[in-house]
Amino acid sequence: PLTLEEVRMLVELFYLPYHHGALAQELLEHFRWLRANSLSVGVPATAPDACGGTRWRGRAQSFQLLCARTCRLHSRFVSTAGRALLYDLHPYLWDIRNMLLAASAFVLWLGCQSITAPILLGRDAEPWARRGGLFGELQALLPVGNSCDLFYHPPPLFPSSQLYQLRPLLPLDKVGAVAWRGCSEVSQGLQAQLSRAPALPGRLLGSFLSLSPEYTFVLEDEGGPCGYAAGALHAEGFLQQRDSSWLPAIRHKYPPDLGTGGPALGQDALEEAVLFFHAEPLAVPQPVLRRFPSLVQLGTAPRVLDVGASRSLALCLLSALRANGSRGVFCQVSDADRQQLSFYSKLG
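If you check an unreviewed UniProt entry, the protein appears there as OGA GlcNAcase from Certhia brachydactyla.

A cluster of nonpolar side chains, V7, V11, Y15 and L16, forms an exposed patch at the surface whose accessible area comes to about 350 Å². Summarising the element assignment, V11 is placed in helix α1 (residues 4–13). Look at V11 and you get partly exposed, because its relative accessible area is 48%.

Before going further, it helps to examine the pairing of strand β3 (residues 224–232). Among the 9 residues of β3, 9 are classified as buried, and the element is accordingly described as predominantly covered. Note that strand β2 (residues 216–221) and β3 share 6 bridges and pair antiparallel. Looking at β3, one finds that F217 is bridged to A229. If you look at the hairpin formed by β2 and β3, you'll find 2 residues sitting between the two strands. Of the strand pairs in this sheet, β3 and strand β4 (residues 294–300) are connected by 6 bridges, and their pairing is antiparallel. Each bridged residue has a counterpart across the sheet, and for Y228 the counterpart in β4 is G299.

Applying the stated rule across the entire model yields 6 aromatic pairs. Plain terms: the ring middles of F31 and F63 are 5.3 Å apart, the flat faces sit at 25° to each other, and that makes the pair stacked. One end of the pair, F31, is in helix α2 (residues 22–36); the other, F63, is in helix α3 (residues 50–80), and 32 residues separate them in sequence. For the pair F31 and F63, a shared accessibility class is recorded, and that class is buried. Summarising the aromatic geometry, the rings of F208 and F238 are spaced 5.0 Å apart at their centres and angled 25° between planes, so their arrangement reads as stacked. In this pair, F208 is assigned in helix α7 (residues 199–211) and F238 in helix α8 (residues 235–253), connecting sequence segments 30 residues apart. Each member of the pair, F208 as well as F238, is classed as buried. Site record: aromatic cluster; members linked through ring pairs are F106, W109 and Y215.

This paragraph deals with the confidence of the model for the protein. Considering every residue of the protein, the mean pLDDT works out to 79; 76% of them sit at 70 or more. Throughout residues 42–48 the model reports pLDDT below 50, and contacts reaching past four residues in sequence, or to other chains, amount to 5 contacts.

On to the side chain of S207, then. Along the polypeptide, S207 turns up in helix α7. Owing to a relative accessible area of 9%, S207 belongs among the buried residues under this scheme. Not counting residues up to four positions away in its chain, the partners in contact with S207 are S212, F238, R242 and W246.

Basis of the calculations
Residues numbered from 1 in each chain as written. Predicted model: local features only at pLDDT ≥ 70, side-chain atom pairs only at ≥ 80, totals over all residues. Heavy atoms only, no water. Patch = residues over 30% accessible without salt bridge, like charges linked within 9 Å, V, L, I, M, F, W, Y side chains within 5 Å. Areas by Shrake-Rupley, 256 points an atom, 1.4 Å probe, with all protein chains shown as cover. Salt bridge = Lys/Arg side-chain N within 4 Å of Asp/Glu carboxyl O. Helix = DSSP H or I, 4+ residues; strand = E, 2+ residues; numbered from the N terminus. Buried < 20%, exposed > 50% of the residue type's maximum accessible area, 1.4 Å probe, protein only. Pairing = 2+ DSSP bridges. Phe/Tyr/Trp six-rings, centres within 6.5 Å; stacked < 30°, edge-to-face > 60°. pLDDT = per-residue confidence, 0-100. Contact = heavy atoms within 4.5 Å.

As structure tokens, this is what we get:
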């Protein structure tokens, strides 16, 4: 059963619409302060404001711990609460968990020293654009808080107790162990071939990891990486650099005959990935680039059935792009790729 401390947390999250319990109030205070003082951390540790950055990181760590406790509470509540109580309270708790996944990863992203400090955090959301309670207040603090369509999704019919972690691709990560493995599972489920065929995940994320790693996020569950979100702030320059430097190098590394004569498992997918590199990419129309200057790409593994985790991925990536001034995004999807079309449609 739930412990007394967990019940207290639950009560504080549901306290009153505009009068929060201690846990919820602490979450909001940390997030407001971290958002307001984020410019103090986009500098090297040896800079004059190093003390301010140290304080910011300490408070960010406290915020991360509170978010993790709340996410664990959601998992424990789904596992232990009676059915009647679960279905009464779960929709709100599920929303809070999804919001905190995105907020926690966004704060981590703000603290990455390898990126430029955000220049735009957006204006406050209009009251009509968000709901009340803790969820609405957290929504207003994200740079995409005015985009109300991003924040409404009906809860799942069958609540899941799966724990997720969402975070940016950090400089200390070993890209081969985290991003490549996760993306290969998302795309093809061919981890057994990964060591022999790195072209498979490279098709999905290679250009983003090489040219725009600061806008790459990883979703993990208890089984490891299970989703990704990647973006390019200035899509036009990104696509030009991809076509002029990244693609020629990758074509040299993976010649057209690489996908022939290999093991049977996933061989069609390997050939398709190699052919993808050698096909000329479609040009993006200038009106699209002018109106939607940023490029995004998201995906999750088949085992991720909770649309809330996917929504958190989208919120985090869009918040990061918006924080640095993006006014719109687009994604490229084949009209024959029903799986990706369905995935983006479910996200709204």
